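As a plain string of letters, each chain reads:
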Amino acid sequence: RRAANLSAVECERLLIHSVTDDTALRSYLPAVRKFLDYARERSMSCSSWNDLDIALSQYMFFQCYAQDKHPLQASLTINGVCYLFPEAARSLPRAWRSCQSFQALSIVKQGQPVGCETLACMENWLKQQKSTEAQTAGDMIPVAVDGYLREQDMEHLLVSDLTWSSDRSVVSAHFGRALR
């Protein structure tokens, strides 16, 4: 009732954000909060659409290169800003391009076809590295290929998940054990 004299844009925003929206509460708003904290810590101006566009681009650069974040974070941030300010959608060209570039620079798709030759080169290179982690990853490649396993399958596999046949010629891996 106190807001009866708001402009049309402010009324629309009030109505939109009065509805409970799980996506906004769980994803968009926390991402925008992190951006605002970043901008505040660096005393970045966000008083105009142009300032906001530049600040968002710099934040995405920071997330991509300094924090090695998943590009979903950039998408949640810019979509969160546009959720709060629908009129911003067309006023942030740098931020949208930065978000697209962030996604293009990141390897986020697993399960895409990879040739056996490429996997053999990866295995060989990893096994030549000095770190135990790299050598373990190299050892995982032929097992994952043979078992048609995903990365997370290999990372969570325990010795207790393996069962050998009586003649030791076949091994079976058991995934999704309820006791874990």
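Cut-off values and rules
- Residues numbered from 1 in each chain as written.
- Predicted model: local features only at pLDDT ≥ 70, side-chain atom pairs only at ≥ 80, totals over all residues.
- Heavy atoms only, no water.
- Helix = DSSP H or I, 4+ residues; strand = E, 2+ residues; numbered from the N terminus.
- Buried < 20%, exposed > 50% of the residue type's maximum accessible area, 1.4 Å probe, protein only.
- Contact = heavy atoms within 4.5 Å.
- Areas by Shrake-Rupley, 256 points an atom, 1.4 Å probe, with all protein chains shown as cover.
- Salt bridge = Lys/Arg side-chain N within 4 Å of Asp/Glu carboxyl O.
- Expected span 1.5 Å × (residues − 1).
- Arc of directions from axis to C-beta.
- 1 Å grid on protein atoms, 1.4 Å probe; cavity = no way out; pocket = protein on both sides within 12 Å on 5 of 7 lines; lining within 4 Å.
- Points joined across faces, edges and corners; volume = space filled by probe spheres on them.
- Nonpolar A, V, L, I, M, F, W, Y, C, P; charged D, E, K, R; others polar.
- Patch = residues over 30% accessible without salt bridge, like charges linked within 9 Å, V, L, I, M, F, W, Y side chains within 5 Å.
- Phe/Tyr/Trp six-rings, centres within 6.5 Å; stacked < 30°, edge-to-face > 60°.
- Lys NZ or Arg CZ within 6 Å of the ring centre and 35° of its normal.

Points about the overall build of the protein chain
Turning to step 1, where the next piece is worked out: Broken down by element type, the protein chain carries 8 helices and 2 strands.
Turning to step 2, where the next piece is worked out: When the elements of the protein chain are put in sequence order from the N terminus, they spell out α-α-α-α-α-α-α-α-β-β.
Turning to step 3, where the next piece is worked out: Out of the 180 residues belonging to the protein chain, those deemed buried represent 24%.
Turning to step 4, where the next piece is worked out: Considering only residue pairs separated by 6 or more positions, the protein chain has 47% of its internal contacts joining residues 24 or more positions apart.
Turning to step 5, where the next piece is worked out: Per element, the accessible surface of the protein chain, about 13,100 Å² overall, is 55% carbon and sulfur.

Structural notes on the pattern of salt bridges
Turning to step 1, where the next piece is worked out: Scanning the model with the defined rule gives 5 salt bridges in all.
Turning to step 2, where the next piece is worked out: The shortest N-O distance in the salt bridge between D37 and R40 comes to 3.1 Å. Pair noted here: D37 and R40 are both in helix α2 (residues 22-41), with a separation of 3 residues, about one helical turn.
Turning to step 3, where the next piece is worked out: The salt bridge involving E41 is made with R42; its shortest N-O contact spans 3.4 Å.
Turning to step 4, where the next piece is worked out: Here E41 falls in the exposed class, since its relative accessible area comes to 63%.
Turning to step 5, where the next piece is worked out: Relative accessible area serves as the criterion here: at 37%, R42 is assigned to the partly exposed category.
Turning to step 6, where the next piece is worked out: Three or more residues are tied together by salt bridges with common partners; here these are E123, K127 and D139.

Details of helix α6 (residues 116-128)
Turning to step 1, where the next piece is worked out: The end-to-end C-alpha distance of α6, which contains 13 residues, comes to 18 Å, matching closely the 18 Å that a straight helix rising 1.5 Å per residue would cover.
Turning to step 2, where the next piece is worked out: Within the span of α6, buried status applies to L119, E123 and L126. All buried residues of α6 fall inside an arc of 70° around its axis, so they share one side. Exposed and oriented more than 90 degrees from the buried face of α6 are E117, C121, W125 and Q128.
Turning to step 3, where the next piece is worked out: The inward-facing, buried residues of α6 abut α7 (132-147).

Some points on the layout of surface pockets
Turning to step 1, where the next piece is worked out: Computed from the structure, the second largest pocket encloses a volume of approximately 220 Å³.
Turning to step 2, where the next piece is worked out: Lining the second largest pocket, in full, are V143, D146, G147, L149, L157, L162, V171, S172, A173 and F175.
Turning to step 3, where the next piece is worked out: When residues of the lining of the second largest pocket are traced back to their parent elements, those giving at least two are α7 and β2 (171-173).
Turning to step 4, where the next piece is worked out: Residues that form the lining of the second largest pocket fall into these classes: 7 nonpolar, 2 polar and 1 charged.

Here we look at the environment of F102
Turning to step 1, where the next piece is worked out: Tracing the backbone shows F102 in helix α5 (residues 93-105).
Turning to step 2, where the next piece is worked out: For F102, a relative accessible area of 2% gives the class buried.
Turning to step 3, where the next piece is worked out: Taking the C-alpha atoms as reference, F102 lies 7.9 Å from F61; in sequence the two are 41 residues apart.
Turning to step 4, where the next piece is worked out: Once residues lying within four places of it in the same chain are set aside, the contact partners of F102 are M60, Q63, C64, K69, H70, P71 and A74.

Section: a nonpolar patch on the surface
Turning to step 1, where the next piece is worked out: Together, F61, Y65 and L105 line one region of the surface with nonpolar side chains, adding up to about 380 Å² of accessible area.
Turning to step 2, where the next piece is worked out: Within the secondary structure, L105 sits in helix α5.
Turning to step 3, where the next piece is worked out: Given the relative accessible area of 53%, L105 is considered exposed.

Considering the packing of aromatic side chains
Turning to step 1, where the next piece is worked out: Inspection of the entire model under this criterion finds 6 aromatic pairs.
Turning to step 2, where the next piece is worked out: Look at W49 and F85: their rings are 6.3 Å apart centre to centre, the planes differ by 70°, and that puts the pair in the edge-to-face class. In this pair, W49 is assigned in helix α3 (residues 49-66) and F85 in the loop between α4 (71-84) and α5, connecting sequence segments 36 residues apart.
Turning to step 3, where the next piece is worked out: Accessibility expressed as a relative area gives 34% for F85, which makes it partly exposed.
Turning to step 4, where the next piece is worked out: Through successive ring pairs, a cluster of aromatic residues spans F35, Y38, Y59 and F62.
Turning to step 5, where the next piece is worked out: The lysine or arginine in question, R42, covers the ring of F62, its NZ or CZ lying 4.9 Å from the ring centre.

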